[in-house]
Structure formats: C-alpha cells, structure tokens
Amino acid sequence: MKKKHVKGKGIFITFEGPECAGKTTQIGLLKDFLVPMGRTVVTTREPGGTEIGEKIRQIVKHLTGRDAVVDEAEILLFAASRAQHVKTFIMPALAQGAIVISDRYADSTTAYQGYARGIDMDFVERLNSFATIGLRPDITFVLDLPPEEIEKRASKRQETLFVEDRIESEKIEFHRKVRMAFLEIARREPDRVVVIPALQRIEEIRDQVREAVRNAFEGL
Ligand code: T5A
C-alpha cells in the first residue's frame, strides 16, 4: 500500500467484516492509539451515525415476521442512512481535519445486498456511488471471520444481554457468501483494503491494525 500524505487533512477509515468479527472492539482500540497523537478522532457506524440513520437501524435490524423489510426496501434504507451520514456527518468532520472511523460503510452493501442477497451488482455500484457522493475510505480493514465462529460468538453474547437480530440470524450459507464477498473486494482493491484474520487474539489484531495505519499514512 502506498503511503498517503495526511498532514492536517482528514482521514477516513472503515472497518468491515461479518457480525461479531470484532469491529467495534478494534475501533475503540484504534481510537486509543490515535488520540494521543493529537488528532481529533470521531467514531461512527452504519446503519446509524445520524438521527435518521439510527431510526433506519431499528427498522432494518429488528423488525421481523410480516413487518420485516423486503430486500428492495432494505438496500434503499441502507443507502438512505449512508447518504445522510456522509453529507451531514462524515464530510464535515473530514473537512475539519478529523480522523473518521466508521463501523461499516458501502462495502457492506456490496457484500450483503449485492453478493449475498443477489441484487444486481451494477445497480448496487451505482447506488453506492450515489449514496456516498463519491466519498471513498482512505483505508478499509476487513476482519475476516469464518461463519461458524460468528455463531459461536453470537450465542455467547445472547447468553448475556444480546438479542439476535434479523440479518445475524440468516443461514450459514448467507454468511459464507458475505465472507467471500469481502475477500473479493479486498482482492480487487489491494491499495485500499487490508484483510486481517479475526480468529487471533484481540491484542494481535490491534497491533496489525496499528502497523497498517502507520504504514499507510505519512505523519502518523
Ligand atoms: N448491513 C449493514 C447490511 O446488510 N448492509 C449495509 O450496507 C450495512 C451498513 C449491522 C447489520 O446490518 C448489515 C450487517 C449487519 O448484519 P451491527 O449490529 O452493526 O448490524 O452488526 P455488526 O456491525 O456486525 O456488529 P457486531 O456488534 O455484531 O460485531 P462487531 O462490532 O464486529 O464485534 P464486537 O467488537 O462487538 O465483538 C463481538 C463479540 O466478540 C468478542 C467481543 O468481546 C464481543 O463479545 N470479540 C472477540 N472474541 C474473541 N477473539 C477476538 N479477537 C474478539 N474480538 C471481539
């Protein structure tokens, strides 16, 4: 990956991967690493990140049965959440020189709605480009976790406080397709996407993320 010059400029970092891959955990650890460097770091998520986005999050994650969103509505809701997020939150923060770290972004739509649900890929690409207003991450981490492990980690969480959501409860074949999709995106865009095996210890992943960030940006 070629080093990007970042002095005083905003940086946009995204984390992708399946449910329970450890994205939220690693985002917190990356923030802890960057803040002492004197950078303003804002963390956010998709769907979500704005009031509209958080309302959409409730709809896409938790309505089930007869009220569950259909595939056609689901992709449009993710896109609507993203457009609002990009224009009112991410772009203004980047313009002020912040490092923005987002838990999921457009690659999730490519993987889940495109590859796994089978929605026409040309349409997915056009919608992604419309919703992101052309804003691409400077670096993306894909935390790669086998589907069998998602189930294990999710059931551990459910035993405590977590209620399984609609997409998480998809069949294992769906999660296999999502995994292959993220790996395919990484293969096509090696200058942007770094794949990290998520079956390692949290600290090992943390160190690999830090090293990749240091290697990717001058001045960090
Ligand atoms: N979606 C989203 C789409 O279909 N299309 C889209 O365009 C977008 C944007 C979002 C859902 O929406 C879908 C994808 C998702 O199904 P979400 O709640 O945001 O839902 O789901 P996730 O982003 O997947 O978040 P999760 O909370 O499920 O997973 P994380 O953030 O990857 O994992 P984290 O850090 O919360 O950790 C999960 C558990 O694993 C443990 C943690 O302690 C925790 O218990 N853990 C580890 N255990 C062992 N080893 C490690 N290395 C570990 N790291 C963390």
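See the structure printed just above.
A. Seen up close, the overall build of the chain. Along its length, the chain carries eight helices and seven strands. The C-alpha radius of gyration computed for the chain amounts to 17 Å, which stays within 12% of the reference 17 Å derived for 220 residues, consistent with globular compactness. Each of the three principal axes of the chain carries a C-alpha extent, and together these read 50 × 35 × 35 Å. The 220 residues of the chain split such that 48% are buried. Expressed as a percentage of contacts within the chain between residues at least 6 apart in sequence, the contacts between residues at least 24 apart total 81%. Accessible surface computed for the chain: about 11200 Å², of which carbon and sulfur atoms make up 53%. Here the chain contributes 35 positive and 34 negative side-chain charges, whose respective centroids are spaced 4 Å apart.

B. Fine view of the packing of helix α4 (residues 106–116) against helix α7 (residues 172–188). Their axes nearest at 9 Å, the elements α4 and α7 cross at an angle of 130°. What the angle tells us is that α4 and α7 run oblique. Crossing hand, α4 versus α7: right-handed. Counted together, Asp107, Ser108, Thr110, Ala111, Tyr112, Tyr115 and Ala116 of α4 and Phe174, Lys177, Val178, Ala181, Phe182, Glu184, Ile185 and Arg188 of α7 form the full contact between these two elements. Here the contact of α4 with α7 is built from residues that sort into nine nonpolar, two polar and four charged.

C. Seen up close, the packing of aromatic side chains. Applying the stated criterion to the full structure yields four aromatic pairs. When the centroid spacing of 6.0 Å and the interplanar angle of 50° are considered together, the rings of Tyr112 and Phe174 count as tilted. On the criterion of sequence distance, the pair formed by Tyr112 in helix α4 and Phe174 in helix α7 is long-range, its members being 62 residues apart. Like Phe174, Tyr112 is buried. Taking 6.3 Å as the distance between ring centres and 70° as the angle between the ring planes, the aromatic pair formed by Tyr112 and Phe182 counts as edge-to-face. One end of the pair, Tyr112, is in helix α4; the other, Phe182, is in helix α7, and 70 residues separate them in sequence. The exposure class assigned to Tyr112 is buried, which follows from its relative accessible area of 5%. A connected cluster of aromatic rings, assembled from ring pairs, spans Tyr112, Phe174 and Phe182. Of note, Arg82 hangs over the ring of Tyr105, and the distance from its end group to the ring centre comes to 5.7 Å.

D. Highlighting the site of the ligand. Near the ligand lie 29 residues; those nearest to it are Glu19, Thr24, Thr25, Lys61 and Thr109. Here an oxygen atom of the ligand and a backbone polar atom of Cys20 are 2.9 Å apart. When the ligand is considered free in solution it has 1000 Å² of accessible area, and contact with the protein chains removes 83% of it. Those elements that place two or more of their residues in the shell around the ligand are α1 (23–34), α2 (51–62), α3 (71–95), α4, α6 (147–160) and α8 (202–216). No other element matches the four residues that α4 contributes to the shell around the ligand.

E. A look at helix α5 (residues 121–131). When α5 is considered as a whole, its buried residues turn out to be Val124, Leu127, Asn128 and Ala131. In an axial view of α5, the angular spread of the buried residues amounts to 100°, which keeps them on one side of the axis. Pointing more than 90 degrees away from the buried face of α5 are the exposed residues Asp122, Arg126 and Phe130. Against the buried residues of α5 lie α3 and α4. A positive phi of about 50° marks Ile133, the residue just after α5.

F. View of the environment of Glu211. Structurally, Glu211 can be placed in helix α8. Given a relative accessible area of 45%, Glu211 falls into the partly exposed group. Once the C-alpha coordinates of Glu211 and Tyr105 are considered, the two residues, 106 residues apart in sequence, prove to be 22 Å apart.

What counts and what doesn't
Chains are numbered independently. Their residues run from 1 in the order of the written sequence. Residues qualify for local features only when their pLDDT is at least 70, as the model is predicted, and side-chain atom pairs are given and counted only at 80 or more; totals for whole chains, interfaces and linings, by contrast, use all residues. Heavy atoms throughout the structure, all of them, feed into the side-chain values; hydrogens and water do not. Think of it this way: any DSSP run of H or I at least four residues long counts as a helix, any run of E at least two long counts as a strand, and we number them from the N terminus. As defined in this context, the radius of gyration uses C-alpha atoms, and a globule is described by 2.2 Å times the residue total to the power 0.38. A simple rule labels every residue: compare its accessible area, found with a 1.4 Å probe on the protein chains alone, to the largest value its type can have, and call it buried under 20%, exposed over 50%, or partly exposed in between. Note on contacts: a residue pair is in contact if any heavy atoms of the two residues lie within 4.5 Å. In short, Shrake-Rupley with a 1.4 Å probe defines the accessible areas, and a residue's cover is counted only from the protein chains shown. Counting rule applied: Lys, Arg positive; Asp, Glu negative; His and chain ends not counted. A charge is said to be at NZ when it belongs to Lys, at CZ for Arg, at CG for Asp and at CD for Glu. Between the N-to-C directions of two axes lies an angle of 0 to 180 degrees, each axis being a line fitted to C-alpha atoms and, for a helix, fitted only over the stretch in contact. For classification purposes, an angle smaller than 35 degrees is called roughly parallel, one larger than 145 roughly antiparallel, one from 65 to 115 roughly perpendicular, and anything else oblique. By definition, turning the near helix anticlockwise from the far helix through less than a right angle yields a left-handed crossing, and turning it clockwise yields a right-handed one. Side-chain classes are defined by residue name, with Ala, Val, Leu, Ile, Met, Phe, Trp, Tyr, Cys and Pro counting as nonpolar, Asp, Glu, Lys and Arg as charged, and the others, Gly among them, as polar. Any Phe, Tyr or Trp ring, taking Trp's six-membered ring, that has another such ring centre within 6.5 Å forms a pair; planes under 30 degrees apart are called stacked, those over 60 apart edge-to-face, and the others tilted. The criterion for a charge sitting over a ring is simple: Lys NZ or Arg CZ within 6 Å of the ring centre, and within 35 degrees of the ring normal. The cutoff for a nearby residue is simple: one of its non-hydrogen atoms must lie within 4 Å of the molecule or strand. Two N or O atoms form a polar contact when they lie within 3.5 Å of each other; inside protein one atom must be a possible hydrogen donor and the other a possible acceptor, and for residues adjacent in sequence the pair counts only when both atoms belong to side chains. To be clear, the arc concerns the directions from the helix axis to the C-beta atoms.

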